[in-house]
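Working through the structure, step by step
Chain by chain, the residues run as shown.
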Amino acid sequence: MAAVDSELIRRAADAVAERLGSLRPRVAIILGSGLGAVADAVQSAIRIPQSAIPGFPEPGAPGHKGELVGGTLEGVPVVVQSGRFHLYEGHAPDVAALPTRVFARLGVTTLVVTNAAGGIRLTFRPPTLMLIADHINLMFKNPLVGPVAEGDERFPDMSDPYDPALRRLARDVARTERIPLEEGVYAGLLGPSFETPAEIRMLQRLGADAVGMSTVPEVIAARARGVRCLGFSSITNVAAGLSAQKLSHLEVLEAGKQISGQLEQLIRGVLQRL
Ligand code: HPA
């Protein structure tokens, strides 16, 4: 198992800080598949290609752009990651979590994670948005494995992986803006194959409401550094076996696009109230 490289985290953070100049982001936002629109809403945008950041690989998943965008959103200094690193691309968990550790080093105290997910709860009608209440790590990998990275906690508490106060804020925004917002448990699987119907029945019994292939490594790394998290799943499809329809990545991207306006509205509303 490769050690988490504290020196690399430092170099990556220095490279990003240099590009951002006087901007000190407070909030980082990681965008999921087909949810890239938020990056275009950033004001006074400073675009940093991920290829310019030490340790950041080129993004591979279609629907992911591969840049960090610094600037302001609703007056809040932010950094947006458009193009995350998935374990299913072959990246080690500490690579998936590298941007999160870099954001924490830059002074970010709040992480907003978004993803596309399959809906397991039978009442979910895609496309719809789900506030992530909790997660189940079924990737069987953890970015904290190995020697403790400088700034990480060895055994972080995971009682509140998704901050209760931020979730309350998100529900308030949804209510006032009249955005339908479900809330439930996200199961993170390695992928990249979609689940079998039997796996979905298993996940139902385990208490999962949605299933996806990301987010868990980033949230674990964030909690190890005391960064509070807020997560949204864009439920892009009914999970395997729960409808007659076959699953496709194209459908996921299309449904993500349909719902990304509401997701942006929710994120903006939360930022206004921070
Ligand atoms: N399963 C896993 N990941 C996903 C799905 C799904 O059904 N939809 C979007 N991402």
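Residues numbered from 1 in each chain as written. Predicted model: local features only at pLDDT ≥ 70, side-chain atom pairs only at ≥ 80, totals over all residues. Heavy atoms only, no water.

This paragraph deals with the packing of helix H1 (residues 6-20) against helix H4 (residues 98-105). Packing of H1 against H4 brings their axes to within 9 Å, and their N-to-C directions diverge by 65 degrees. The handedness of the crossing between H1 and H4 comes out as right-handed. Contact residues: H1 offers Leu 8, Ile 9, Arg 10, Ala 12, Ala 13 and Val 16, while H4 offers Leu 98, Arg 101, Val 102 and Arg 105. Of the residues contributing to the contact of H1 with H4, the split by class is seven nonpolar, no polar and three charged. (Axes fitted to C-alpha atoms, helices over the stretch in contact; angles between N-to-C directions. Helix = DSSP H or I, 4+ residues; strand = E, 2+ residues; numbered from the N terminus. Left-handed = near helix turned anticlockwise from the far one by under 90°. Contact = heavy atoms within 4.5 Å. Nonpolar A, V, L, I, M, F, W, Y, C, P; charged D, E, K, R; others polar.)

This paragraph deals with the side chain of Asn 115. Within the secondary structure, Asn 115 is located in strand E5 (residues 110-119). Accessibility expressed as a relative area gives 0% for Asn 115, which makes it buried. In this structure the side chain of Asn 115 is engaged in a polar contact, spanning 2.7 Å, whose partner is the side chain of Ser 233. Setting aside its immediate chain neighbours within four residues, Asn 115 contacts Gly 32, Leu 35, Arg 84, Ile 132, Tyr 186, Ser 214, Thr 215, Phe 232, Ser 233 and Ser 234. (Buried < 20%, exposed > 50% of the residue type's maximum accessible area, 1.4 Å probe, protein only. Polar contact = N/O pair within 3.5 Å; in protein donor to acceptor, adjacent residues only side chain to side chain.)

Axis separation between helix H5 (residues 164-177) and helix H8 (residues 249-273) bottoms out at 9 Å; the angle between their running directions is 120 degrees. Between H5 and H8, the angle falls in the class oblique. The chirality of how H5 crosses H8 is right-handed. On H8, the residues that touch Leu 169, Ala 170, Val 173, Ala 174, Thr 176 and Glu 177 of H5 are Gln 265, Leu 266, Gly 269, Val 270 and Arg 273. (Parallel < 35°, antiparallel > 145°, perpendicular 65-115°, else oblique.)

Turning our attention to the site of the ligand. Within the structure, the ligand sits among Ala 116, Ala 117, Gly 118, Phe 194, Glu 195, Val 211, Gly 212, Met 213, Thr 236, Asn 237, Leu 247 and Val 252. Measuring from a nitrogen atom of the ligand, one finds a backbone N or O atom of Ala 116 at 3.3 Å. Backbone polar atom of Gly 118 to a nitrogen atom of the ligand: 3.3 Å apart, as the coordinates give it. In the complex, the protein chains occlude 96% of the 260 Å² of accessible area that the ligand would expose alone. Its atoms largely coinciding with the cavity grid, the ligand occupies the largest pocket. Here the element with the most residues in the shell around the ligand is E5; it accounts for three residues. (Near = heavy atom within 4 Å. Areas by Shrake-Rupley, 256 points an atom, 1.4 Å probe, with all protein chains shown as cover. 1 Å grid on protein atoms, 1.4 Å probe; cavity = no way out; pocket = protein on both sides within 12 Å on 5 of 7 lines; lining within 4 Å. Sits in = over half its atoms within 2 Å of the grid points.)

There is about 330 Å³ of room inside the largest pocket. Around the largest pocket, the lining comprises 24 residues; the ones closest to its centre are Ala 116, Phe 194, Met 213, His 249 and Val 252. Put simply, the parts of the chain that give the lining of the largest pocket at least two residues each are E5, strand E8 (210-212), strand E9 (228-238) and H8. (Points joined across faces, edges and corners; volume = space filled by probe spheres on them.)

Quick look at the nonpolar core now. Core analysis: the biggest nonpolar cluster contains 44 residues, and Val 16, Phe 56, Leu 68, Val 102, Phe 103 and Leu 111 have the highest contact counts within it. Here this core takes six residues from H1, the largest share from any one element. (Core = buried A, V, L, I, M, F, W, Y, C linked by side-chain atoms within 4.5 Å.)

Attention shifts here to H4. H4 sits mainly inside the fold: seven of its eight residues count as buried. Within the span of H4, buried status applies to Leu 98, Pro 99, Thr 100, Arg 101, Val 102, Phe 103 and Ala 104. Just downstream of H4, Gly 107 is the residue with a positive phi angle, here 105 degrees.

Residue placement: Gln 43 occurs in strand E2 (residues 43-49). Using a relative accessible area of 52% as the deciding quantity, one classes Gln 43 as exposed. As a C-alpha pair, Gln 43 and Ala 255 span 212 residues in sequence and 26 Å in three-dimensional space. Contacts of Gln 43, omitting those with residues within four sequence positions, involve Gly 71 and Thr 72.

Turning to its location among the elements, Glu 67 is positioned in strand E3 (residues 67-73). Its relative accessible area of 13% is what places Glu 67 among the buried residues. Looking at Glu 67, its side chain comes within polar contact range of the side chain of Arg 47, at 2.5 Å. Not counting the four nearest positions on each side in its chain, Glu 67 is found in contact with Arg 47, Ile 48, Pro 49, Gln 50, Val 80, Gln 81 and Ser 82.

A separate point is the pattern of salt bridges. Applying the stated criterion to the full structure yields 17 salt bridges. The partner of Arg 225 in a salt bridge is Asp 152, and the shortest N-O contact between them spans 2.6 Å. In this pair, Arg 225 is assigned in the loop between helix H7 (216-224) and E9 and Asp 152 in the loop between strand E6 (128-138) and H5, connecting sequence segments 73 residues apart. The burial state of Arg 225 is the same as that of Asp 152; both residues are buried. Salt bridges sharing partners connect three or more residues here, namely Glu 7, Arg 10, Arg 105 and Glu 150. (Salt bridge = Lys/Arg side-chain N within 4 Å of Asp/Glu carboxyl O.)

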